[in-house]
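Observations on the three-dimensional arrangement
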Amino acid sequence: QVQLVESGGGLVQAGGSLRLSCAASGRTFSSYGMGWFRQAPGKERAFVAAISWSGGTTYYADSVKGRFTISRDNAKNTVYLQMNSLKPEDTAVYYCAASRSPITTAQAMGVPSFYGYWGQGTQVTVSS
């Protein structure tokens, strides 16, 4: 079992930056694959980024490549999403997710069903 708590969301102007954090409970955080998803009003939850349990493999949605960076600190049981050059279309509720599966393929880590644990979400609003 793992519990996830996101933080770091807020209101920012286009072109600005935010860093989201996801703090996880439990002693086995380092064995979980982690992902970030987002959901805008009226839209389905969409993949943003994922990182393998070791941190050695990362994946990004095409829409955020080159602007967002996912990282993790297993000593602090925390995963981060650094978001730069934010655009109004990045506005959404951002969710952190964790998976106990050892699979690290993009096809697996890019879908919500891969993850068994979810945080409550944090709102990110980018003004134009």
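Heads up: the structure comes first, above all this text.
What this report covers is the structure whose coordinates are included nearby.

Parameters and conventions
Residues numbered from 1 in each chain as written. Predicted model: local features only at pLDDT ≥ 70, side-chain atom pairs only at ≥ 80, totals over all residues. Heavy atoms only, no water. Phe/Tyr/Trp six-rings, centres within 6.5 Å; stacked < 30°, edge-to-face > 60°. Lys NZ or Arg CZ within 6 Å of the ring centre and 35° of its normal. Disulfide = S-S within 2.5 Å. Helix = DSSP H or I, 4+ residues; strand = E, 2+ residues; numbered from the N terminus. Buried < 20%, exposed > 50% of the residue type's maximum accessible area, 1.4 Å probe, protein only. Salt bridge = Lys/Arg side-chain N within 4 Å of Asp/Glu carboxyl O. Pairing = 2+ DSSP bridges. Axes fitted to C-alpha atoms, helices over the stretch in contact; angles between N-to-C directions.

Quick look at the packing of aromatic side chains now. Inspection of the entire model under this criterion finds 6 aromatic pairs. The rings of F37, F47, F114, Y115 and W118 are connected pair by pair, giving a single aromatic cluster. The ring of Y95 carries the charged tip of R45 above its face, separated from the ring centre by 3.8 Å. Just above the ring of F29 sits the side chain of R72; from NZ or CZ to the centre is 4.5 Å.

Take the state of the cysteines next. One covalent bond between the sulfur atoms of two cysteine residues makes up a disulfide. Applying the stated criterion across every chain, the model contains 1 disulfide. Between the sulfur atoms of C22 and its disulfide partner C96 the distance amounts to 2.1 Å. Of note, the bridge from C22 to C96 carries an S-S torsion of about -75° and is left-handed in sense. Taken together, the positions of C22 in strand β3 (residues 18-24) and C96 in strand β9 (residues 92-99) put the pair 74 residues apart, joining distant regions of the chain. On the accessibility criterion, C22 (0% relative accessible area) is buried.

Between side chains of opposite charge, a pair can form when the charged atoms approach closely. Scanning all chains against the criterion turns up 3 salt bridges. Taking the shortest distance from any N to any O, the salt bridge between K65 and D62 comes out at 3.2 Å. With respect to class, K65 is no different from D62; both count as exposed. Ionic pairing is found between R67 and D90, a salt bridge with its closest N-O pair at 2.7 Å. In this pair, R67 sits in the loop between β6 (58-60) and β7 (68-73) while D90 sits in the loop between β8 (78-83) and β9, placing the two residues 23 residues apart along the sequence. In terms of burial, R67 and D90 fall into one category: buried.

Another point: the pairing of strand β11 (residues 122-127). Here β11 shows a buried face lined by T122, V124 and V126 and an unburied face lined by Q123, T125 and S127. Two elements, strand β2 (residues 10-13) and β11, share 4 bridges in a ladder whose sense is parallel. Residue pairing for β11: V12 is matched across the bridge by V126. Of the pairings in the sheet, the one linking β9 to β11 comprises 3 bridges and is antiparallel in character. Pairing of Y94 across the sheet is with T122, part of β11.

A word on the sheet that holds strand β1 (residues 4-7). Read from one edge to the other, the open sheet built from 4 strands follows the order β1-β3-β8-β7, with strand pairing classed as antiparallel. Single-partner strands in this sheet number two, and they are β1 and β7. Put simply, the sheet's adjacent strands are angled 15° from each other on average, direction ignored.

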